[in-house]
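Topology and contacts: notes
One-letter residues, chain by chain:
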Protein chains: 2
Amino acid sequence: MSTARRLFTVDGEFRMHRAGYLQSPTLAFETWGELNAAKDNAVLIFSGLSPSAHVASSEGDPSPGWWQDMVGSGLPIDTDEYFVICVNSLGSCFGSTGPASIDPKTGDRYRLTFPVLTLEDVAESAKCVVDHLGIECLHTVVGCSMGGMSALALCVRHPHTVRRFVSISSSARALPFSIAVRSLQREMIRSDNKWKKGNYDPGDPPITGQRLARKLGMITYRSAEEWAQRFGRERATDPIRVDDQFAAEFSVESYLENHANKFSGAFDPNCYLYLSHASDLFDLAEYGGSLQSGFERLKLDRTLVIGVRTDILFPIVQQRELAEGIATVCTDTEFAELDCIRGHDSFLVDMDAFRPVICKFFESCC
Amino acid sequence: MSTARRLFTVDGEFRMHRAGYLQSPTLAFETWGELNAAKDNAVLIFSGLSPSAHVASSEGDPSPGWWQDMVGSGLPIDTDEYFVICVNSLGSCFGSTGPASIDPKTGDRYRLTFPVLTLEDVAESAKCVVDHLGIECLHTVVGCSMGGMSALALCVRHPHTVRRFVSISSSARALPFSIAVRSLQREMIRSDNKWKKGNYDPGDPPITGQRLARKLGMITYRSAEEWAQRFGRERATDPIRVDDQFAAEFSVESYLENHANKFSGAFDPNCYLYLSHASDLFDLAEYGGSLQSGFERLKLDRTLVIGVRTDILFPIVQQRELAEGIATVCTDTEFAELDCIRGHDSFLVDMDAFRPVICKFFESCC
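In this report, the structure presented in the accompanying data block is examined. (Residues numbered from 1 in each chain as written. Chains lettered and ligands numbered in written order. Predicted model: local features only at pLDDT ≥ 70, side-chain atom pairs only at ≥ 80, totals over all residues. Heavy atoms only, no water.)

**Concerning helix H2 (residues 146-157) of chain A**
Residues and elements named next belong to chain A. Stated formally: Starting at the N terminus, helices and strands are each numbered in turn, a helix being any DSSP run of H or I of at least four residues and a strand any DSSP run of E of at least two. Expected span, for any helix, means 1.5 Å times one less than how many residues it has. The buried label goes to any residue with under 20% of its type's maximum accessible area, the exposed label to any with over 50%, and the partly exposed label to all in between, with areas taken from a 1.4 Å probe on protein chains only.
For H2, with 12 residues, the first-to-last C-alpha span of 17 Å sits near the 16 Å given by 1.5 Å per residue. Taken across its 12 residues, H2 has 11 buried, putting it largely inside the fold. For H2, every residue scored as buried is listed here: Met146, Gly147, Gly148, Met149, Ser150, Ala151, Leu152, Ala153, Leu154, Cys155 and Val156.

**Side note on the relation of the copies chain A and chain B**
There are two copies of the chain, and a rotation about an axis plus a shift along that axis relates them. We count it as follows: Each copy is superposed on the other by least squares, with the fit set by C-alpha atoms of residues at a pLDDT of at least 70 in both. Contact definition: two residues touch when any of their heavy atoms are within 4.5 Å.
Expressed as a screw operation, the relation of chain A to chain B combines 0.0 Å of axial shift with a rotation of 180°, fitting to an RMSD of 0.0 Å. Such values leave the two copies arranged in the relation of a two-fold axis. Comparing contact sets, 98% of the residues at the interface of chain A also lie at the interface in chain B, consistent with an isologous, same-surface contact.

**Brief notes about the packing of aromatic side chains**
Inclusion rule: Only Phe, Tyr and Trp rings are paired, with Trp represented by its six-membered ring, and only when their centres lie within 6.5 Å; those with planes under 30 degrees apart are stacked, over 60 edge-to-face, the remainder tilted. A ring is scored as having a charge over it whenever the NZ atom of a lysine or the CZ atom of an arginine sits within 6 Å of its centre and within 35 degrees of its normal.
According to the stated counting rule, one finds 24 aromatic pairs over all chains in the structure shown. Ring geometry for Tyr82 of chain A and Phe362 of chain A: centres 5.3 Å apart, planes at 70°, overall edge-to-face. Taken together, the residues span a long stretch of sequence, with Tyr82 of chain A in the loop between strand E7 (77-78) and strand E8 (83-87) and Phe362 of chain A in helix H11 (residues 351-363) at a distance of 280 residues. Tyr82 of chain A gets classed as buried once you look at its relative accessible area, which sits at 4%. When its relative accessible area of 1% is taken as the criterion, Phe362 of chain A is described as buried. Aromatic pair Tyr110 of chain A and Phe114 of chain A: ring centres 5.1 Å apart, planes at 85°, arrangement edge-to-face. As far as the burial class goes, Tyr110 of chain A and Phe114 of chain A line up, both buried. Three or more aromatic residues joined by ring pairs form one cluster here, namely Tyr110, Phe114 and Tyr274 of chain A together with Phe246 of chain B. The ring of Phe361 of chain A has Arg302 of chain A sitting right over it, with the charged end atom 4.4 Å from the ring centre. Between the NZ or CZ atom of Arg111 of chain B and the centre of the ring of Tyr200 of chain B, over which it lies, the distance is 5.5 Å.

What follows is the structure, encoded as structure tokens:
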């Protein structure tokens, strides 16, 4: 497989936010475009929980990326103007060190000996890559979903490193509905006999638990309105297995089945548990004792908060809270409430809605 | 245990709506109040998926019922005025024949040999009890959640048997979001190794799958707004087990854990699968080919449709659809859109909101 992935190894111990450290962790990243002489055109993208650093295709890796229509020459995040960086989150399994990696101290996989992961660790490790690239101040940091919280962690901890912030379908901290959903997804994986307290055979992972977790994920990533329009009560075209009266009967059940089949096996279960848990833990209010005190630590020139009305995982009320909070310290803050029907996933699938808003933000920066 | 439960056994074969039949099934039911001489004061209540026929306490069974504050002397459904009946749904496990019952043809439990269950079967079997009690026409049929669809099945199939209809947090048919949720709940149970394709040891049921399914249930029965107010990011008071970093950390996780513990073991897993599937199958549009043709078969004097703004399982848009559809054939139709915060479960826990609406309906019938 052709890859544009570059690796950076942290020199020495990387201290984790909660406790413990990693010995010389590796960060996998990709870049697009050129860093200018002033080194002031760098855009750092933080992904959601599951994607790799492969945001878009490039000469080194022509396969389409997870935000293929958003990043590239002539696209909203225009690589003719900007130097774009994406780092695979620490704790993930696409090149960066995570629970599925070998612990150099033991020669075995970390598994559950990996220290508690927080989005602060994701932010700090990404900053190591930014430093390594010789960039002192980022033009903009963009964070999608969980990545919005990672981005916020970077902004609040290194306020002079980020000039602009684009938050996409994210929030300042998780609320109990999304905590409940993620906690249940983790329990599905942990309840699978094959999980074996994290010591599963990598060739025989807890695929049943992963499939269930992915289906619950899809239920919260999309919206009831979309599915009502798209599937209604349409029956699945695959014949119902006669020996199983509970097999998929409706189209929506086949759809979930197909998504679960595609995802399972593609993501390490322990990595999933750590990143999911990290999403629950992040809380901007830990910076000073309240959300407002957290907002007051930000030093942003400009902010764009984009949210989607049908998002149930990062609901619009939280996006408004984020926008209003940042607006108290950054007068140039715009809140774009999009009327997309495809819920939380809209930023990945409804380009017609997202393109103009993101395009306008970056164009007016030039 | 003291019980007010009465049993009625259907004489001979009970033909199921889809296919097959049950040999002399039993229906468990309870009644409150007295049937008057004209036999025109009977109110039949259809429950949601999981409750028994024990709606309220009585002399025979003083334990509190699932709608204790709604049915009784001087309460909104006033047993000084009305003769109230509730039948444990066919397919359930609280006295009525279901998959956990003994098939008289084989002497073994039905398990998955139980025929496909529909809400039409739930309605028709309840009608057997009504007939048995010598009631030709019901004053009112009340249906909560799944029970609203069972009630609708009765109304559309026996239009002259029901004069008034109260639908509570229900709909004319399931949409793909709720189908997806229930399908996933069923898959959680079926994925548990202990389920054994329905042939589990009753003393060792698939409790893990049931617990997961119950937690997903709770996520869809309540609302994100309620939990944000009630739990926020409060930590669980139970100490975190040090050997398990993924154990419950937030209060909302402990809350789900407590609910799962209470429910599991109290409901037969196969019965749950059948009733859950029946909820997906019901579609008023099967009566004549469209929802409108279904509505046109109703002969109701008066209807009350109650829905809750924060309900994600039976969303308010579906309740409005139901009210507007019935209004085309029953001019005396009222739609009450309640601003409760506790989601789908509000009818069980937010009596202050439901009491006045139901009270007004029944008082004005006297």
